Amino acid sequence: MIGILIFTVFFMSISDGFTEPGTINGFVKGLLVYMAVLIFYWIRFKSINNLALSDDLKVRLRQLIQKLRKNLKLEVIFFIVTYLTAIVAGRFIFGKGTTDLLKPEVVITFVLSILFMGIILVLTIRRYKMQIAELQGYLNEYEESIEE
């Protein structure tokens, strides 16, 4: 609810170049972004909320590892799709379309944004891989203790 309040108060003017009051186009753009984020997190919440973990520790660890791998894929796909959609839609929303794509400032901005996206993806993947590796270590340790 706080996010919705902040969004409705500030985004219209931010999306229209800090003009007050913002236009309906700015509000619609912001609302579409906000809805995409809400849908993404609803899918994640639904998958976590419906998670029925086993009472067996070995099975539970495998379920958690599988869930982390699924969430990693979901987050990477969501980020890439949202990023590319924002770039393409932004060009058309602001009336640029496919014109001036080879201007130096457009190319530099695109390269910097790809670099930024890469850094965010690397950090996200690294965070998930650390969590998966930790759980995998616990699973391996548990399996070794059972064998002995």
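Residues numbered from 1 in each chain as written. Predicted model: local features only at pLDDT ≥ 70, side-chain atom pairs only at ≥ 80, totals over all residues. Heavy atoms only, no water.

**Observations regarding the overall build of the protein chain**
1) Next: Scanning the protein chain from N- to C-terminus turns up 4 helices and 0 strands.
2) Next: In sequence order, the secondary structure elements of the protein chain are arranged as α-α-α-α.
3) Next: Residues classed as buried in the protein chain amount to 21% of the 148 residues present.
4) Next: Of all intrachain contacts in the protein chain linking residues separated by at least 6 positions in sequence, the fraction that spans at least 24 positions is 61%. (Helix = DSSP H or I, 4+ residues; strand = E, 2+ residues; numbered from the N terminus. Buried < 20%, exposed > 50% of the residue type's maximum accessible area, 1.4 Å probe, protein only. Contact = heavy atoms within 4.5 Å.)

**With respect to a negative patch on the surface**
1) Next: Together, Glu141, Glu144, Glu147 and Glu148 line one region of the surface with negative charge.
2) Next: With respect to the helices, strands and loops of the structure, Glu144 is situated in helix 4 (residues 104-147). (Patch = residues over 30% accessible without salt bridge, like charges linked within 9 Å, V, L, I, M, F, W, Y side chains within 5 Å. Areas by Shrake-Rupley, 256 points an atom, 1.4 Å probe, with all protein chains shown as cover. Salt bridge = Lys/Arg side-chain N within 4 Å of Asp/Glu carboxyl O. Lys, Arg positive; Asp, Glu negative; His and termini not counted. Charge placed at Lys NZ, Arg CZ, Asp CG, Glu CD.)

**Side note on the pattern of salt bridges**
Two side chains of opposite charge can pair, provided their charged atoms sit close to one another.
1) Next: Considering all chains together, one arrives at 4 salt bridges under this definition.
2) Next: A salt bridge links Lys58 to Glu143; its shortest N-O distance comes to 3.9 Å. One end of the pair, Lys58, is in helix 3 (residues 57-93); the other, Glu143, is in helix 4, and 85 residues separate them in sequence.
3) Next: Across the pair Lys103 and Glu105 runs a salt bridge, and its minimum N-O distance is 4.0 Å.
4) Next: On the accessibility criterion, Glu105 (47% relative accessible area) is partly exposed.
5) Next: When salt bridges with common partners are traced through the structure, they connect Lys58, Arg62 and Glu143 into a single cluster.

**Some thoughts on the side chain of Glu75**
1) Next: In this structure, Glu75 sits in helix 3.
2) Next: Sequence-distant contacts of Glu75, that is, excluding residues within four places in its chain, are made with Phe40, Arg44, Thr124, Arg127 and Tyr128.

**Here's the deal with the nonpolar core**
1) Next: By size, the foremost hydrophobic cluster in this structure holds 12 residues: Leu61, Ile65, Leu68, Leu72, Val76, Tyr83, Met117, Leu121, Tyr128, Ile132, Leu135 and Leu139.
2) Next: When residues of this core are traced back to their parent elements, those giving at least two are helix 3 and helix 4.
3) Next: Ignoring sequence-local partners within four residues, the contact set of Tyr128 consists of Arg44, Leu68, Asn71, Leu72 and Glu75. (Core = buried A, V, L, I, M, F, W, Y, C linked by side-chain atoms within 4.5 Å.)

**Description of the environment of Ser113**
1) Next: Examined against the element boundaries, Ser113 turns out to sit in helix 4.
2) Next: For the pair formed by Ser113 and Ile87, sequence separation is 26 residues and the distance between their alpha carbons is 9.6 Å.
3) Next: Those residues in contact with Ser113, other than ones at most four positions away along the chain, are Tyr83 and Ile87.

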